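What follows is each chain in one-letter form.
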Amino acid sequence: MITPLASATNLTAPLKGVEILILDAQTVDETKSTVVCPSVGIKNHTFTIRTSAALTGAVQIETAHAYDYTGEWNPLGGGPIDLSTIPAAAAGVGILQLMFSNVTFTAARVRISTVVAGGTVSASYLGN
């Protein structure tokens, strides 16, 4: 069971070992996912980016010191991910998994940093 915090919207505290969808079939530039706030016991993080087809656009995984931070969030894992580099399989779905090990953070999200064209992008989070 995933328990969103009542004091904030678009925020979740994921359980260890439970994959959650944080961005669902979006295309609009600057769309932000649900903010993930893993507990300090979660040190291994997997973000899965799924595309509905071969498409263009970019997403950025970001972190901040607080879930409600209104300034510019910090990139996690380098610069934006160019969605055109994710090959779409025969079914038309492309999948890219990004794993970050032995690290903790207070809040993370996925943001569409360049408008998505030719399909949609989704993202999920899994912490262990």
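This text follows the structure it describes.
From a predicted model like this one, the values you see are computed outputs, not experimental measurements.

Enquirer: A description of the overall build of the chain should follow, citing residues and the corresponding values.
Expert: A count of helical and extended segments in the chain gives zero helices and 10 strands. Ordered by position from N to C terminus, the α and β elements of the chain give β-β-β-β-β-β-β-β-β-β. Since a compact globule built from 128 residues should have a radius of gyration of about 14 Å, the 14 Å found for the chain is in line with a globular shape. With respect to the three principal axes, the spread of C-alpha positions in the chain is 40 × 30 × 25 Å. For the chain, the share of sequence-separated contacts (at least 6 apart) that also reach a separation of at least 24 residues comes to 78%. Of the roughly 6500 Å² of accessible surface on the chain, 56% is carried by carbon and sulfur atoms. Positive and negative side-chain charges of the chain, numbering 6 and 8 respectively, have mean locations separated by a distance of 9 Å.

Enquirer: Lay out the pattern of salt bridges with the relevant residues and their values.
Expert: Pairing of side chains with opposite charge becomes possible as their charged atoms draw close. In this structure the tally under the stated criterion is four salt bridges. Of the charged contacts in the structure, one is a salt bridge between Arg111 and Glu62, with a shortest N-O distance of 2.8 Å. Residue Arg111 is found in strand S9 (residues 107-117), and its partner Glu62 is found in strand S5 (residues 56-64); the two are separated by 49 residues along the sequence. In the salt-bridge network here, residues are joined through shared partners; they are Glu30, Glu62, Arg109 and Arg111.

Enquirer: Run through the packing of aromatic side chains, naming residues and quoting values.
Expert: In this description, a pair of aromatic rings is defined by centroid distance and the angle of the planes. One pass over the full model with this rule turns up two aromatic pairs. Aromatic side chains Phe47 and Phe100 sit 6.1 Å apart centroid to centroid with 70 degrees between the ring planes, which places their arrangement in the edge-to-face category. Linking Phe47 in strand S4 (residues 45-51) with Phe100 in strand S8 (residues 94-100), this pair joins segments that are 53 residues apart in sequence. Each member of the pair, Phe47 as well as Phe100, carries the same accessibility label: buried. Joined through ring pairs, the aromatic side chains of Phe47, Phe100 and Tyr125 make up one cluster.

Enquirer: Explain unusual backbone geometry to me, and be specific about the residues and the numbers.
Expert: We note that Ala25 has phi near 50 degrees; this positive angle belongs to a residue other than glycine. On the secondary structure map, Ala25 appears in strand S2 (residues 20-26). Its identity as a non-glycine residue notwithstanding, Asn102 has a phi of 55 degrees, on the positive side. Positionally, Asn102 belongs in the loop between S8 and S9. Looking at Asn102, the relative accessible area reads 66%, which means it is exposed.

Rules used in this analysis
- Within each chain, residues carry numbers counting from 1 in the order of the written sequence.
- Two thresholds apply to this predicted model, a pLDDT of at least 70 for residue-level local features and 80 or more for giving and counting side-chain atom pairs, whereas whole-chain, interface and lining totals are computed over all residues.
- With hydrogens and water excluded, all non-hydrogen atoms of the structure serve as input to the side-chain values.
- In DSSP terms, a helix is any run of H or I states spanning at least four residues, a strand is any run of E spanning at least two, and both are numbered starting from the N terminus.
- Here the radius of gyration uses the C-alpha set of atoms, whereas the globule reference equals 2.2 Å times the residue count to the power 0.38.
- Note on contacts: a residue pair is in contact if any heavy atoms of the two residues lie within 4.5 Å.
- For accessible areas, the Shrake-Rupley method is used with a probe of radius 1.4 Å. Any residue's cover is judged against the shown protein chains and nothing else.
- Within this scheme the basic residues Lys and Arg register as positive and the acidic residues Asp and Glu register as negative, but His and the chain ends are omitted.
- The location of each charge is read from NZ of Lys, CZ of Arg, CG of Asp or CD of Glu.
- Salt bridges, as used here, are contacts in which a Lys or Arg side-chain nitrogen is within 4 Å of a carboxyl oxygen on Asp or Glu.
- By convention, a stacked pair of Phe, Tyr or Trp rings (six-membered ring in the case of Trp) has centres within 6.5 Å and planes under 30 degrees apart, an edge-to-face pair has planes over 60 apart, and any other such pair is tilted.
- Partly exposed describes any residue whose relative accessible area lies between the buried limit of under 20% and the exposed limit of over 50%, with all areas from a 1.4 Å probe on protein chains only and scaled to the type maximum.

Everything listed here is a matter of coordinates, which is why it stays silent on function.
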